[in-house]
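Structural description and commentary
The primary structure of each chain is shown beneath.
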Amino acid sequence: MEIFDPGAVFNTVDLAGVLANGVLGGAVARQLRMDPVGFLVLALTSALGGGILRDTLLQAGPPVALTDPAYLFTAIAGAFIAYAIELKGKWANRFLIVIDAVALGCWAATGTAKALGLGLEWLPAILLGVVTAVGGGMIRDIVVGRVPAIFGGNTLYATGALVAAVEMVILYGLGLQNVGMGVAIASCATLCILARRRGWKLPGPGDFTVRLGRRSRTEDRRNSTQGWPRPRFWKPRIRR
């Protein structure tokens with residue numbers, strides 16, 4: 001039995017993710033030396049993109065980011081924080097890493113919980129949890145002309161969201177929605193922070209590529225001019 005109202009916990013966690021991602025979007029705008037409009041656009045994109053994707057795919061009415069003013073105000077507050085405070089230096093970088101990891105866990109948990117609450121099965125619920133977690137950051141990176149970080153070459157990110165979504169599915173099924181929120185956020189944040197510190201990454205394609213033996217240049221030239229290799233027939237020598 002839950003002590004706190006799951007709906008209130010859901011809203012609190014969801015808005016915490018909005019604020020954190022608003023700050024992260026503003027931090028990217030500061031890094032690129034944008035004006036206040038750029039801060040606002042990147043903060044709104046980063047903070048609300050994942051939730052809007054989630055609600056659009058669920059088709060359960062208009063996205064909550066457009067119907068609840070608290071979401072817009074929270075995202076704008078994140079942009080203002082990043083604009084007013086210069087997050088620079090070792091400790092500021094650590095702070096951004098921590099809130100990024102916590103926000104990732106928040107949205108993986110809320111996206112999964114909302115999908116389950118609307119009657120979806122466990123697999124699409126996990127998918128929506130991951131999309132909610134990484135969608136805003138992915139859209140933000142595309143807007144500024146970057147390859148999204150989740151596409152590889154970086155430390156574990158989407159993997160942490162996947163772990164959190166799986167945990168949320170299990171604990172939600174046991175009737176422990178609030179516990180699932182806490183466990184998902186804590187485990188996702190811990191995994192992502194450790195991955196950043198220790199450089200953990202998923203294996204790249206080169207680790208599994210099968211390399212064929214190298215042929216001679218003469219054979220390559222013959223194959224390129226004659227098409228597929230042709231069988232060779234033995235010709236007897238005629239003595240004269």
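Summary of the structure given here. Model, not experiment: these values are computed from the prediction.

1. Comments concerning the side chain of Arg54
By the secondary structure assignment, Arg54 is in helix α2 (residues 36-58). Engagement of the side chain of Arg54 in a polar contact is seen with the side chain of Asp55, the distance being 2.9 Å. Apart from residues no more than four positions distant in its own chain, Arg54 is found in contact with Phe10, Asp14, Val64, Thr110, Gly111, Lys114, Leu128 and Thr132.

2. Observations concerning the environment of Thr190
By secondary structure assignment, the location of Thr190 is in helix α8 (residues 177-198). Residue Thr190 is classed as partly exposed on the basis of its relative accessible area, which comes to 46%.

3. What to know about a positive patch on the surface
A surface patch of positive charge is lined by Lys90, Arg94, Arg197 and Arg198. For the positive patch, the secondary-structure elements that each account for two or more residues are α5 (90-117) and α8. Mapping Arg94 onto the fold places it in helix α5. Overall, the relative accessible area of 37% leaves Arg94 in the partly exposed class.

4. Some words on the packing of aromatic side chains
In total, this model carries 1 aromatic pair according to the counting rule given. Ring geometry for Phe39 and Tyr83: centres 5.0 Å apart, planes at 90°, overall edge-to-face. Taken as a pair, Phe39 in helix α2 and Tyr83 in helix α4 (residues 69-84) lie far apart in primary sequence, 44 residues in all. Taking the relative accessible area as the measure of exposure, Phe39 reaches 4% and is therefore buried. Here the guanidinium or amino end of Arg94 rests over the ring plane of Trp91, the centre of that ring lying 4.7 Å away.

5. A few points about the nonpolar core
Core analysis: the largest hydrophobic core is formed by 28 residues, its most contacted members being Val18, Leu48, Tyr71, Leu104, Ala133, Ala161 and Met181. Those elements giving two or more residues to this core turn out to be α1 (6-31), α2, α3 (64-67), α4, α5, α6 (122-143), α7 (158-173) and α8. One finds Ala115, Leu116, Ile126 and Val169 within the second-largest nonpolar core, a separate group that totals 8 residues.

6. Regarding the pattern of salt bridges
Inspection of the entire model under this criterion finds 4 salt bridges. Here Arg54 makes a salt bridge to Asp14, at a shortest N to O gap of 3.6 Å. Within this pair, whereas Arg54 is found in helix α2, its partner Asp14 is found in helix α1, the two being separated by 40 residues in sequence. Note on Asp14: relative accessible area 2%, which makes it buried. Each of Asp14, Arg54, Asp55 and Lys114 takes part in salt bridges that share partners, so that together they form one network.

Reading the values: rules and limits
Residues numbered from 1 in each chain as written. Predicted model: local features only at pLDDT ≥ 70, side-chain atom pairs only at ≥ 80, totals over all residues. Heavy atoms only, no water. Helix = DSSP H or I, 4+ residues; strand = E, 2+ residues; numbered from the N terminus. Polar contact = N/O pair within 3.5 Å; in protein donor to acceptor, adjacent residues only side chain to side chain. Contact = heavy atoms within 4.5 Å. Buried < 20%, exposed > 50% of the residue type's maximum accessible area, 1.4 Å probe, protein only. Patch = residues over 30% accessible without salt bridge, like charges linked within 9 Å, V, L, I, M, F, W, Y side chains within 5 Å. Areas by Shrake-Rupley, 256 points an atom, 1.4 Å probe, with all protein chains shown as cover. Salt bridge = Lys/Arg side-chain N within 4 Å of Asp/Glu carboxyl O. Lys, Arg positive; Asp, Glu negative; His and termini not counted. Charge placed at Lys NZ, Arg CZ, Asp CG, Glu CD. Phe/Tyr/Trp six-rings, centres within 6.5 Å; stacked < 30°, edge-to-face > 60°. Lys NZ or Arg CZ within 6 Å of the ring centre and 35° of its normal. Core = buried A, V, L, I, M, F, W, Y, C linked by side-chain atoms within 4.5 Å.

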